[in-house]
Amino acid sequence: MPPLGYFLVFGALLFATGLYGVLTQRNAIRVVMSVELMLNAANVNFLAFTRYLYPHDPRGAVWAIFVMTVAAAEVAVGLAIILVLSRRRQSIDVDRAAEMKG
Amino acid sequence: MAELAWVAAALPLLSFVVQVFAPGALRRRGDWIGITAVAASFLVSTGVFLETIAGVHLHVSYPWATFGDRTFQFGFQVDALTGVMLVVVTLVSLMVHVFSLGYMEGDIRYGRYYTILSLFTFSMLGLVLADNFLELFVFWELVGLCSFLLIGHWYEEKANSTAAVKAFLVTRVGDIGMLIGIFLLYSVAETLQYQELWAKLPSLTAGLVDSRTLTAIALLLFAGAVGKSAQFPLHVWLPDAMAGPTPVSALIHAATMVAAGVYLVARAFPLFLSAPASLYWIALVGGFTAFFAATIALVQDDIKKVLAYSTISQLGYMFLGLGSGSLVAGSFHLMTQAFFKALLFLASGSVIHALHTQNLHEMGGLSRRLPVTTWTWIIGALSMAGIPPLAGFWSKDEVLLAAFHSGRPVLFWLGVITALLTAFYITRATWLAFFGEGRSAARARKEAVHPDHPGHRGGEHVHHVHEGDWRFRLPLLVLAFLAATAGLVGSSWFGHPFTRWMEETMAATAPAFHPAELSPSVFVQLVALLAALGGILLGWLVYGARVISREAVIAALRPLYALLKHKYYLDELYAWLFVRTTVAFSWLAGAVDRYVVDGAVNALGWLGAQIGFSAGDFDQTVIDGAVNGVGQGVVAGSHLLRRAQTGYVTTYLWVLLGAMAAGLLAIAIVAIR
């Protein structure tokens, strides 16, 4: 079994990729996809730590299931917003949706 | 009956109250209520008087006001003097009430007139019933108020209201003296009850009180009498008071109220007797006023002014009698004068009502048209002139007798000369008004220029001059009867019964009323009769037979005539001396008020305004500044902070990332250390 550090590095890379996508992408769909990457990076961490540190405790795996559920709900809400956004202004560029500017 | 004497005063008060509070309920605006009340009051008074004849006297008193351990009483007392006054006041008042039915008919303030007549009758009766000086003073001022209200009855004319104010103010001069006198009296005697005072007098005169203090008290009280009874030098209000309706002149300004001064001196006679110096002054003022007013009456053209000055003169006689030490002489003349002067005034009222003029030179020849008025007037005139056996003769005789015995021959002869002048001027007035040819043409011309007296119905023409109905005749006849016969009660033919009765009964109420012990004198009676006859003869020679030319006499005595015509220029002197001074002083006071007092007040106000402005500025700058500053600070802060709210999700994420990194860094640093 490979050492724990491999999985942690993989999770961190996955998170960084997602973060990079969230910060740089203007397409709302891409942002949502990047968020999914970050959530799954967290899942990788959960599962890795559970498997290595508490092999008989199922709580880490349960947390991962929770995260996936929340991610599915988030995608549903996010896609609905994006759908309304594209209908309203024929664009899903997040930088152009700045009505909340103070 | 005597213990019910207060009812006599209460009835007119009741009538007054009813008339004031229920004027709408009275069908004839209160005249019959007033007459009924006075008539009932007259009956009560007569009953009381009959008992005083029998020598009854009583004194009822209740505590009125208590100050610490001092109590002022309110009550009434009945004795001979009160009995006489009660009858005189109620009788004359009743006659005037009846006469006014006709005289005031259709007057604009008919109801008010009768209301005040009731109030006056009440006040006057209260005055004579009062049993102490304080109560007397209260009623004294009340009658003054009624006088004021009735003089100004037709107040639409400025002259009438001015006359009312003048009467009020001039009498007030005397009243102030009287009030001070009462204070002084209380300070030395510690009571104002007549009974207690007379009981204390011997101990007071025995040295407890300085005799000069007693004299001062007496003279101060007399000052009130001088004002009320229109004696020199405060007589100037009475002729002007003739501006009121003529029946009022008869009641208030001839028969009753003006006699209140005489009543006061008579009532306080023991006090005056114990201060003989004051008696001297009373006699002097009275004698001088009698003569002085008679001379003015010689040249008056207004029939009421003649009677007004003759009233002053007759009141002077009363004071002469009192000042000569005879209580009876003064009060006897008061009674007879009340009758014949009320008669003369009512008769003149009848003339004025028929002719609508008061000028003697516009009358004449009225004897054919106004027979009852003429004959009753002549009875009154002869009574006043002093022809026996009419009332005026006996009372004037009593006064002159007292003056004769007082050891002041100048005053006696002054009284005799006054008797001659009195006879002369009343003959003059009689002749000008009732005899000779009618001067109606001149009157008619004048009437065309001058409208009727205000408050009277017009429309009666010269040819329709006629006498009034029973409302005019009845009072005239009743008073004529009394003016003729009332003196007989004091006649020497029957041995002076009035004199003896009054002296005895008054001495019984208080030993301080010394009987005056005057032996009758045929000489005095003869001199008085000769003076009266001489005056009448002289008057007839000038105005009746025209043997002596009036114009020639006037021409020969031009300066004297002018002096008399202008009433010795006293009004002018007072106007110059007092009125002008008062006006100047009030101007000065006004200036002080306007510049000094108002200045101070305004300065204070200005100061307050300035403080207010500063406070306002402080409020607007500092307080509001603080409040607004907070607001502006918030606004400025918000402007600063809104920059952070870019609306770009990316920005927020960057911030989030940065913050997280910083947090991690901090944790890492802490962990390393």
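Residues numbered from 1 in each chain as written. Chains lettered and ligands numbered in written order. Predicted model: local features only at pLDDT ≥ 70, side-chain atom pairs only at ≥ 80, totals over all residues.

The next subject is the overall build of chain A. When you go through chain A residue by residue, the secondary structure sums to three helices and zero strands. Mapped from its N terminus to its C terminus, chain A presents α and β elements in the order α-α-α. Against the compact-globule benchmark of 13 Å for 102 residues, chain A has a radius of gyration of 17 Å, which places it well outside the compact range. Based on the C-alpha atoms only, the size of chain A along its principal axes is roughly 50 × 25 × 25 Å. Burial statistics for chain A: of 102 residues in total, 9% are counted as buried. The long-range share in chain A, meaning contacts at least 24 apart out of those at least 6 apart in sequence, stands at 50%. (Helix = DSSP H or I, 4+ residues; strand = E, 2+ residues; numbered from the N terminus. Rg over C-alpha atoms; globule rule 2.2 N^0.38 Å. Buried ≥ 20, exposed ≤ 12 C-beta atoms within 10 Å, placed from the backbone. Contact = placed C-beta atoms within 7 Å.)

This next bit is on the overall build of chain B. Looking only at helices and strands, one finds 26 helices and two strands in chain B. Computed over C-alpha atoms, the radius of gyration of chain B comes to 38 Å, more than 25% over the 26 Å expected from 2.2 N^0.38 for 673 residues, which places it beyond the range of a compact globule. Counting only residues that meet the buried cut, chain B has 49% of its 673 residues in that class.

In this section: the interface of chain A and chain B. Between chain A and chain B, the contact holds nine residues from the first and nine residues from the second. In the side of chain A that touches chain B, the residues fall into five nonpolar, one polar and three charged. (Nonpolar A, V, L, I, M, F, W, Y, C, P; charged D, E, K, R; others polar.)

Residues and elements named next belong to chain B. With their axes 9 Å apart at the nearest point, helix H8 (residues 211-228) and helix H13 (residues 276-297) run at an angle of 25 degrees to one another. With respect to H13, the element H8 is oriented roughly parallel. Where H8 crosses over H13, the handedness of that crossing is right-handed. Taken together, the residues of H13 that come into contact with H8 (itself represented by Thr 215, Ala 218, Leu 219, Phe 222 and Val 226) are Ala 277, Ser 278, Trp 281, Ile 282 and Val 285. Of the residues contributing to the contact of H8 with H13, the split by class is eight nonpolar, two polar and no charged. (Axes fitted to C-alpha atoms, helices over the stretch in contact; angles between N-to-C directions. Parallel < 35°, antiparallel > 145°, perpendicular 65-115°, else oblique. Left-handed = near helix turned anticlockwise from the far one by under 90°.)

Residues and elements named next belong to chain B. In this structure, Pro 233 follows Phe 232 across a cis peptide bond, with omega equal to 5 degrees. Mapped onto the elements of the fold, Pro 233 is located in the loop between H8 and helix H9 (237-240). The linkage connecting Pro 388 with the following residue, Pro 389, adopts the cis geometry, with an omega of 5 degrees. Despite not being glycine, Arg 546 has its phi angle at roughly 55 degrees, a positive value. By the secondary structure assignment, Arg 546 is in the loop between helix H22 (522-544) and helix H23 (550-556).

Another aspect to go through is the environment of B:Asp469. Its location among the elements puts B:Asp469 in the loop between helix H19 (440-449) and helix H20 (470-485). Since 10 C-beta atoms lie within 10 Å of it, B:Asp469 is described here as exposed.

Turning next to the environment of B:Phe288. Relative to the helices and strands, B:Phe288 is located in helix H13. Put simply, B:Phe288 and B:Pro63 are 225 residues apart on the chain and 42 Å apart in space, counted from C-alpha to C-alpha.

All names here are of chain B. Look at H22: 31 Å from first C-alpha to last across 23 residues, which is about the 33 Å you get at 1.5 Å a residue. Restricting attention to buried positions, one finds in H22 the residues Val 524, Val 527, Ala 528, Ala 531, Ala 532, Gly 535, Ile 536, Gly 539 and Tyr 543. The secondary structure elements touched by the buried residues of H22 are helix H16 (371-385), helix H17 (391-405) and helix H18 (409-434). Looking one or two residues beyond H22, the residue adopting positive phi is Arg 546, at roughly 55 degrees. (Expected span 1.5 Å × (residues − 1).)

Think of two packed helices as two axes; the pair is described by the angle between the axes and how far apart they sit. Residues and elements named next belong to chain B. Viewed as axis vectors pointing N to C, helix H14 (residues 303-323) and helix H15 (residues 327-355) meet at an angle of 175 degrees, and their least axial separation amounts to 8 Å. Classed by the angle they form, the pair H14 and H15 counts as roughly antiparallel. Residues Ile 303, Lys 304, Leu 307, Thr 311, Gln 314, Tyr 317, Met 318, Phe 319, Gly 321 and Leu 322 of H14 form the contact with H15, whose participating residues are Leu 327, Ala 329, Gly 330, His 333, Leu 334, Gln 337, Lys 341, Leu 344, Phe 345, Ser 348 and Val 351. Of the residues belonging to the contact of H14 with H15, the class tally is twelve nonpolar, seven polar and two charged.

Turning our eyes to something else, we now look at the pairing of strand S1 (residues 58-67) of chain B. All names here are of chain B. Counting buried positions over the ten residues of S1 gives zero, only a small fraction of the element. Taken together, the nine bridges between S1 and strand S2 (residues 70-78) define a ladder with antiparallel strand orientation. Considered in S2, the bridge of Pro 63 is made with Gln 73. The hairpin turn running from S1 into S2, its antiparallel successor, is two residues long, and Gly 68 in that turn takes a positive phi close to 60 degrees. (Pairing = 2+ DSSP bridges.)

All names here are of chain B. Counting residues in each nonpolar core, the largest one holds 205 residues, and the members touching the most others are Val 262, Val 265, Ala 342, Leu 343, Leu 479 and Ala 483. The element that contributes the greatest number of residues to this core is H15, accounting for 18 residues. Not counting residues up to four positions away in its chain, the partners in contact with Leu 343 are Thr 376, Gly 380, Leu 476, Leu 479, Ala 480 and Ala 483. (Core = buried A, V, L, I, M, F, W, Y, C linked by C-beta atoms within 7 Å.)

Attention shifts here to the environment of B:Leu526. All names here are of chain B. Of note, Leu 526 is situated in helix H22. Overall, the presence of 10 C-beta atoms within 10 Å leaves Leu 526 in the exposed class. The sequence separation of Leu 526 and Asp 397 amounts to 129 residues, and the corresponding C-alpha distance is 9.4 Å.

The subject of this paragraph is helix H10 (residues 246-255) of chain B. All names here are of chain B. With respect to burial, H10 is a largely interior element, ten of its ten residues being buried. The complete set of buried residues in H10 reads Thr 246, Pro 247, Val 248, Ser 249, Ala 250, Leu 251, Ile 252, His 253, Ala 254 and Ala 255. Taken together, the buried residues of H10 touch helix H3 (80-103), helix H4 (110-129), helix H5 (133-151), H9, H14 and H15.

For the rest of this paragraph, the subject is the confidence of the model for chain B. All names here are of chain B. Looking at chain B as a whole, its pLDDT mean stands at 86, while 94% of the residues score no less than 70. By mean pLDDT, the top-scoring element of chain B is H5 (93), and the lowest-scoring one is H19 (50). Low pLDDT (under 50) marks residues 448-463, which in the prediction has 14 contacts with non-local residues, meaning those over four places away or in another chain. In the predicted assembly, ipTM is 0.74 and pTM is 0.74. (pLDDT = per-residue confidence, 0-100.)

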